[in-house]
2 protein chains.
Amino acid sequence: MAQQEVHNGEVAKGAVTDALVFTSVKPQLLVEAPKASDAIQFYKAAFGAEELGRTMHPKRKADQELPLILSAQLKLGGSTFLVSDLTHDSAAPAKTEGAGIVLCLEIEDVNAAIVKAVSAGAVAVGEIEEGDGVCGGGRVGKVKDPYGIVWVICSPALKSADVDA
Amino acid sequence: MAQQEVHNGEVAKGAVTDALVFTSVKPQLLVEAPKASDAIQFYKAAFGAEELGRTMHPKRKADQELPLILSAQLKLGGSTFLVSDLTHDSAAPAKTEGAGIVLCLEIEDVNAAIVKAVSAGAVAVGEIEEGDGVCGGGRVGKVKDPYGIVWVICSPALKSADVDA
């Protein structure tokens, strides 16, 4: 099952014993409304994210001044993440804040990435450290963005066997 | 840049104007120590995650009874996420809890996936709703796992144009 791919409702029949095959894990970032739009601009400027699409909040369109974002899809490298306005009405995607999740980004030049993120409005957290393996090895630094999300920025591991086995 | 892939330190030279190309976004789940090992078992049972590797916390090996997990890599569909023991000493991957992040999983059979997750120890949150587009359309349900993480489980969108444009 490791290399199996299932896309857009096309289930690989017979290859698995049931239909419980997840296709992907996408982090959804819940930003206090109505700042999701600002946050998307920030992720474009800080990390070079591309916006693939945006679905607006239907209940907010008619009777509210600011249209809210139900879900915007952003692409970064080979991954997709979602950004949503977090409201406190029942139609919000989730009322609960996420607990204990940070997002790890891999990049060759950790220093430059942190400088760029900070210039876009993020705050550096701690020092850049060498090879403690959090993201699989290499250099590791952290920034906190203006919306409270912590991004761990690390370079790829140069050697795969250098772990604490 | 949309389809570009950069793997393991092999930077595509000349294709971009700088080296600031991220290869991936990986959520890192910070679990109160020493429960990361339990959490990994839960993610295997509840979602069928596969463990790709595990790096132990070096400072805890000699002088602590329980070896802590610095970072374990779990694979789910085409995505990878990380699970770590969150400690309060300086070598912890992050002292800050993540703010406002939930994880979206795509699967054909949302009902069955929620039943399986609940039988493994998760708690269902709210009702399953139809096509509100949070993960791109389809059916959407939510569970909270025993470690505080909220998982949004949704089926793929059947039609791409059915959004609130």
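Before any of the text, the structure's been laid out above.
Now for a look at the structure at hand.

Cut-offs used in this document
Residues numbered from 1 in each chain as written. Chains lettered and ligands numbered in written order. Predicted model: local features only at pLDDT ≥ 70, side-chain atom pairs only at ≥ 80, totals over all residues. Heavy atoms only, no water. Helix = DSSP H or I, 4+ residues; strand = E, 2+ residues; numbered from the N terminus. Buried < 20%, exposed > 50% of the residue type's maximum accessible area, 1.4 Å probe, protein only. Contact = heavy atoms within 4.5 Å. Areas by Shrake-Rupley, 256 points an atom, 1.4 Å probe, with all protein chains shown as cover. Pairing = 2+ DSSP bridges. Axes fitted to C-alpha atoms, helices over the stretch in contact; angles between N-to-C directions. Salt bridge = Lys/Arg side-chain N within 4 Å of Asp/Glu carboxyl O. Expected span 1.5 Å × (residues − 1). Arc of directions from axis to C-beta.

## Examining the overall build of chain A
Counting its secondary structure elements, chain A contains three helices and eight strands. Written out in order from the N terminus, the α and β elements of chain A read β-α-β-α-β-β-β-α-β-β-β. Looking at chain A residue by residue over its 165 residues, the buried ones come to 48%. The long-range fraction of contacts in chain A, counting pairs at least 24 apart against all pairs at least 6 apart in sequence, stands at 51%. When the accessible surface of chain A is totalled, it reaches about 7,800 Å², and 50% of it is carbon and sulfur.

## Regarding the sheet that holds strand 7 (residues 139–144) of chain B
Ordered by their spatial adjacency, eight strands build an open sheet running 2(A)-3(A)-4(A)-1(A)-5(B)-8(B)-7(B)-6(B), and the pairing between neighbours is mixed. Only two strands of the sheet have a single partner each, and these edge strands are strand 2 (50–56) of chain A together with strand 6 (123–130) of chain B. Shown here is a sheet whose adjacent strand axes are inclined to one another by a mean of 25°, direction ignored. In the sheet, strand 3 (residues 69–76) of chain A pairs with strand 4 (residues 79–86) of chain A via five bridges, with the strands oriented antiparallel. Pairing of Ala72 of chain A across the sheet is with Val83 of chain A, part of strand 4 of chain A.

## Some details on the pattern of salt bridges
Scanning all chains against the criterion turns up eight salt bridges over all chains. Among the salt bridges present, the one from Lys26 of chain B reaches Glu106 of chain A, with a minimum N-O distance of 3.4 Å. Here the residue Lys26 of chain B occupies a position in strand 1 (residues 25–32), and Glu106 of chain A occupies one in strand 5 (residues 101–106), the pair thus bridging two chains. Residue class for Glu106 of chain A comes out buried when judged on its relative accessible area of 15%. For Glu130 of chain B, the salt bridge goes to Arg139 of chain B, with nearest N and O atoms at 2.3 Å. For Arg139 of chain B, a relative accessible area of 28% gives the class partly exposed.

## What to know about helix 1 (residues 36–47) of chain B
Residue and element names in this part refer to chain B. With twelve residues, helix 1 ought to run about 16 Å at 1.5 Å a step, and its terminal C-alpha atoms sit 16 Å apart, in line with that. Looking at helix 1, one finds that the buried residues are Ala36, Ala39, Ile40, Phe42, Tyr43, Ala46 and Phe47. End-on view of helix 1: buried residues confined to an arc of 160°, all on one side of the axis. Gly48, located one to two residues past helix 1, shows a positive phi value of around 75°.

By themselves, these figures tell us nothing about what the structure is for.
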